[in-house]
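Results of the structural survey
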Amino acid sequence: MNGRSGRRTVVIMIEIEHLTKRYGKKTAVDDLTFNVKPGVVTGFLGPNGAGKSTTMRAIVGLDAPTSGLARVNGKHYSEFQSPLSEVGALLEAKSVHAGRSAHNHLLALARTHGIPKRRVQEVIDLVGLHEVAGKRVGGFSLGMGQRLGIAVALLGDPAVLILDEPVNGLDPDGVKWIRVLLKGLAAEGRTVFLSSHLMSELAQTAEHLVVIGQGRLLADTTVDDFVSGNGKSRVRVVSPDAARLAEHLAGPGISIASPEKGVLEVSGTEAAVVGQTAAAHGLVLHELRTDRGSLEDAFMQLTADAVEYRQTTEGATR
Amino acid sequence: MTAAAMTERPAAYAPPANYKLSATGLLRSEWTKLWTLRSTWIVLLCAVVFSAGLGALVSGTVPADLEIGGAENAVGFAMSGVALSSVFVAVLGILTITGEYSTGSIRSTMSAAPKRLGVLWSKAVVFGAVVAVLFTVMVFATFFISQALLDGTELGGVSLGDEGVTRALFGYVAMIVYLTLLAVAIGAILRNSAGSIGFYIGVIMILPQLATLLPWGWVEDVTPYAPGNVSNTITYVDPAGQALGVGESWLWMGIWLVVAYGLAGVLLKRRDV
Ligand SMILES: Nc1ncnc2c1ncn2[C@@H]1O[C@H](COP(=O)(O)OP(=O)(O)O)[C@@H](O)[C@H]1O
Ligand SMILES: [Mg+2]
């Protein structure tokens, strides 16, 4: 089970195996397979309608897979003796009765697991809702609703946190707060899995990324690799011998542009290769730098096909 | 086990071991949910005012020279409001479930109790118990109020000790609890407030009455077994002559509850939340 202190063993906490979910004819998730590990924040990225929320609902057993499975810590979610301590979930859609106060909503959930009132107060304070905890949830703003959702997720002090678009509706302070909170939770060895349709929301929080489009896996990688793998990274060279360097660098898969005299922008190769080529031919370099594409670029590039496909098929069925 | 040895990471986090999902926990949770909604208080207050008020109104306006008498009629007069207020509690019973679907709180509920069935049983037990206690008080209070008002008429002078009276009064309590539980199950099956309330009032309450107007003889033979009718017998001071005997009445209430909860349970397990 959980590797205790001392043993550097890590359990795969969330296991998605050939997960497929259809709603009638619509395939929301299509043969999806990936794992989520504890100790880091894993981002779940994909354009709207990619199947993120569906996957997350399947993990907490709200939606039954059409085929395949979703397991947490080696078990189906419903097998747990204390589900709220295993997985805390903030789901995308509203999950609170509008007529109940935030405090009473939390209290009702706490009672199922014998969680003391003290803990209810604790999570209310933690998410900063103490002033409105007694008010009916129906009057909450989107941001307050998200904070309540996070309080619910944290209620059982769970090992795994699943947060569907938690940043939605939060103000900039809230966004910063949640970032720090989630990193802290991951640092305690918990599994943090959060979704977003915006790369920028995940870039500063997540270390690992699972990217999906059209319900299919597009990438399962670290944020760093994701950018270098998908971003249009270019090598920028400043050299008095630019023209000659360009000749030596030219080759299949390599494109070279010269935005101004003495400057080259080379893509399809790496800075090290450019440097070595220059050295081998005794060419002088004044500057050698890798310009990384933004995460957003990488994401757009990766999902472009999926989105295009969707647009054409949707257009066709109209 | 799916453990895989990996590179260095923080030691795995162990969640608190003292939080456990339990049947008692689910009951307490449903109790909390019930009383933390304003609608519960409002609807139950309506039910109380209606049952006592209408009973008192009917009893208080009986003319002194009315020639109807006897315990059967006395109880019937007193309970006229009680029977109607069962609609209030049935609707509230429906809302304890459909309200969760319409607001989305069902997702929180079922994430906390992913086996799901315990939630259904707990809702039924908690709400059924609340209704049983409330209506035991209401039925007997209304009976005494009504008897006080009927004093001096042909309908007065009926006491709990009279043959069949106490049993009939408890029969009213049982009928209301039965109808409430049926309504809760309908809510769980249909998941939609308007649809469930419409079904309860239309199909359970009104349809069997309308059906008796139909010209075919077999309809008359069948209607006593309709879910909304099987509980009638136990509310009579003298049940002799009713289509169903007292024992049959109980049996059929049981059968309909098993059918309704069986279906609700199967659907709850099979459908996505
Ligand atoms: N309950 C449902 N019934 C029918 N279609 C659904 C349902 N839930 C999701 N979908 C469809 O499945 C696809 C994936 O949805 P979702 O998981 O919400 O994507 P995401 O969270 O990535 O935006 C969408 O096309 C959506 O319309
Ligand atoms: Mg979503």
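Everything numeric in this text was worked out from a predicted model, so none of it was measured.

Quick look at the packing of aromatic side chains
Residues and elements named next belong to chain A.
- Per the counting criterion, the structure on display carries 13 aromatic pairs over all chains.
- For the pair F34 and F193, a centre-to-centre distance of 5.7 Å together with 45° between the ring planes defines the contact as tilted. Note that F34 is positioned in strand β3 (residues 26–36) and F193 in strand β8 (residues 191–196), a separation of 159 residues in sequence. For the pair F34 and F193, a shared accessibility class is recorded, and that class is buried.
- Here the aromatic residues F34, F44 and F193 are joined through ring pairs into a cluster of three or more.

Re the site of ligand 1
Residue and element names in this part refer to chain A.
- Ligand 1 sits among Y23, K26, A28, P47, N48, G49, A50, G51, K52, S53, T54 and R57.
- Within the contact set of ligand 1, an oxygen atom lies 2.7 Å away from a side-chain nitrogen or oxygen of S53.
- Note that a nitrogen atom of ligand 1 is positioned 3.3 Å from one of the side-chain N or O atoms of R57.
- Out of a free accessible area of 560 Å², ligand 1 has 66% covered by protein chains.
- Within the residue set of the shell around ligand 1, elements represented by two or more residues are β3 and α1 (52–59).
- Looking at the shell around ligand 1 element by element, the count peaks at four residues for α1.
- Looking at the shell around ligand 1 residue by residue, the classes come out as four nonpolar, five polar and three charged.

Observations regarding the sheet that holds strand β11 (residues 234–238) of chain A
Residues and elements named next belong to chain A.
- Across the sheet, four strands lie side by side as β12-β13-β11-β14; this open sheet has antiparallel pairing. Each edge of the sheet is formed by a strand with only one pairing partner; in this case those strands are β12 (255–257) and β14 (287–291). Here the average twist between neighbouring strands, direction ignored, is 20°.
- The sheet strands contacting helix α9 (residues 242–249) are β11, β12 and β13 (263–267), and the helix crosses β13 at an angle near 15°.
- Against the sheet, helix α10 (residues 271–280) touches β11 and β14, its axis set at about 160° to β14.

Digging into helix α3 (residues 71–78) of chain B
Residue and element names in this part refer to chain B.
- Residues A71, A74, V75 and A78 constitute the buried set of α3. In an axial view of α3, the angular spread of the buried residues amounts to 95°, which keeps them on one side of the axis.
- On its buried side, α3 packs onto α2 (38–60), α4 (80–103), α6 (117–150) and α7 (165–190).

Thoughts on helix α8 (residues 193–211) of chain B
Residue and element names in this part refer to chain B.
- Here α8 contains 19 residues, and its C-alpha end-to-end distance of 25 Å stays within 8% of the 27 Å for a straight helix at 1.5 Å per residue.
- If you look at α8, its biggest bend is around 30°, right at M205, and the proline P208 turns up within four residues after that.
- Buried within α8 we find S196, Y200, I204, P208 and A211.
- Among the structural elements, α4, α7 and α9 (217–222) are those in contact with the buried residues of α8.
- Its side-chain oxygen placed 3.2 Å from the backbone nitrogen of A194, N192 serves as the N-cap of α8.

Observations concerning the pairing of strand β6 (residues 87–90) of chain A
All names here are of chain A.
- Residues V87 and A89 of β6 are buried on one face, and the alternating residues G88 and L90, pointing to the opposite face, are buried as well.
- For β6 and strand β7 (residues 160–164), the ladder comprises four bridges, and the chain directions are parallel. Within β7, the residue paired with A89 across the bridge is I162.

Some words on the environment of V222 of chain B
- Relative to the elements of secondary structure, V222 of chain B occurs in helix α9.
- The spacing of V222 of chain B and T212 of chain B is ten residues in sequence and 9.6 Å in space, taken between C-alpha atoms.

A closer look at the sheet that holds strand β4 (residues 41–45) of chain A
Residues and elements named next belong to chain A.
- Judged by pairing direction, the sheet is mixed, and its six strands sit side by side in the order β6-β7-β8-β4-β9-β10 without closing on themselves. Edge positions in the sheet fall to β6 and β10 (216–222), since each of these pairs with one other strand and no more. Averaged over all adjacent pairs, the angle separating strand axes in this sheet is 15°, with direction ignored.
- Taken together, the five bridges between β4 and β8 define a ladder with parallel strand orientation.

A closer look at the UniProt feature "transmembrane region" (unreviewed entry) in chain B
Residue and element names in this part refer to chain B.
- Feature annotation in UniProt assigns "transmembrane region" (unreviewed entry) to the following positions: residues 41–62, 74–99, 120–149, 169–190, 197–218 and 250–268.
- Spanning residues 41–62, this segment combines 91% helix with 0% strand, and its end C-alpha atoms are found 32 Å apart.
- Secondary structure across residues 120–149 comprises 100% helix and 0% strand; the distance between its end C-alpha atoms is 42 Å.

Here we look at the domain arrangement of chain A
- By domain assignment, chain A separates into domain 1 (5–229) and domain 2 (234–291).
- Placing a centre on the C-alpha atoms of domain 1 of chain A and another on those of domain 2 of chain A gives a separation of 45 Å.

Examining the interface of chain B and chain A
- Taken together, the contact between chain B and chain A spans 44 residues of the former and 64 residues of the latter.
- In this structure, K21 of chain A and D272 of chain B form a salt bridge, with 2.7 Å as the shortest nitrogen-oxygen distance.
- Linking chain B with chain A are 20 residue pairs in polar contact (both at pLDDT 80 or more).
- Counting only elements with at least two residues in the side of chain B that touches chain A, the list comes to β1 (4–5), α1 (23–35), α4 and α5 (105–112) of chain B.
- The element contributing the most residues to the side of chain B that touches chain A is α5 of chain B, with seven residues.
- For the side of chain B that touches chain A, the class distribution of residues is 20 nonpolar, 14 polar and ten charged.

Notes on a nonpolar patch on the surface
All names here are of chain B.
- A cluster of nonpolar residues, L190, F199, V203, I206, L207, L210 and L213, forms a patch on the protein surface that exposes about 620 Å² of accessible area.
- For the nonpolar patch, the element with the most residues is α8, which contributes five residues.
- Within the secondary structure, L210 sits in helix α8.

Remarks on the packing of α9 of chain A against α10 of chain A
All names here are of chain A.
- Where α9 contacts α10, the axes come no closer than 10 Å and their chain directions differ by 110°. Our classification of the angle between α9 and α10 gives roughly perpendicular. The interaxial crossing formed by α9 with α10 has right-handed handedness. Residues L245, H248 and L249 of α9 touch α10, and the partners they reach there are V274, T277 and A278.
- Here the contact of α9 with α10 is built from residues that sort into four nonpolar, two polar and no charged.

Side note on the pattern of salt bridges
- This structure, assessed with the given rule, holds 16 salt bridges over all chains.
- A salt bridge links E100 of chain B to K33 of chain B, with the shortest nitrogen-to-oxygen separation between them at 2.8 Å. Taken together, the residues E100 of chain B in helix α4 and K33 of chain B in helix α1 connect sequence positions 67 residues apart. Each member of the pair, E100 of chain B as well as K33 of chain B, is classed as buried.
- Members of the salt-bridge network, linked through shared partners, are R119, E122, D157, E188 and R190 of chain A.

Quick notes on the rules
Residues numbered from 1 in each chain as written. Chains lettered and ligands numbered in written order. Predicted model: local features only at pLDDT ≥ 70, side-chain atom pairs only at ≥ 80, totals over all residues. Heavy atoms only, no water. Phe/Tyr/Trp six-rings, centres within 6.5 Å; stacked < 30°, edge-to-face > 60°. Helix = DSSP H or I, 4+ residues; strand = E, 2+ residues; numbered from the N terminus. Buried < 20%, exposed > 50% of the residue type's maximum accessible area, 1.4 Å probe, protein only. Near = heavy atom within 4 Å. Polar contact = N/O pair within 3.5 Å; in protein donor to acceptor, adjacent residues only side chain to side chain. Areas by Shrake-Rupley, 256 points an atom, 1.4 Å probe, with all protein chains shown as cover. Nonpolar A, V, L, I, M, F, W, Y, C, P; charged D, E, K, R; others polar. Pairing = 2+ DSSP bridges. Axes fitted to C-alpha atoms, helices over the stretch in contact; angles between N-to-C directions. Contact = heavy atoms within 4.5 Å. Arc of directions from axis to C-beta. Expected span 1.5 Å × (residues − 1). Bend = angle between axes of the 7 residues up to and from the residue. UniProt positions renumbered as here; feature names shortened; annotations may be inferred. Domains from an automatic or database assignment. Salt bridge = Lys/Arg side-chain N within 4 Å of Asp/Glu carboxyl O. Patch = residues over 30% accessible without salt bridge, like charges linked within 9 Å, V, L, I, M, F, W, Y side chains within 5 Å. Parallel < 35°, antiparallel > 145°, perpendicular 65-115°, else oblique. Left-handed = near helix turned anticlockwise from the far one by under 90°.

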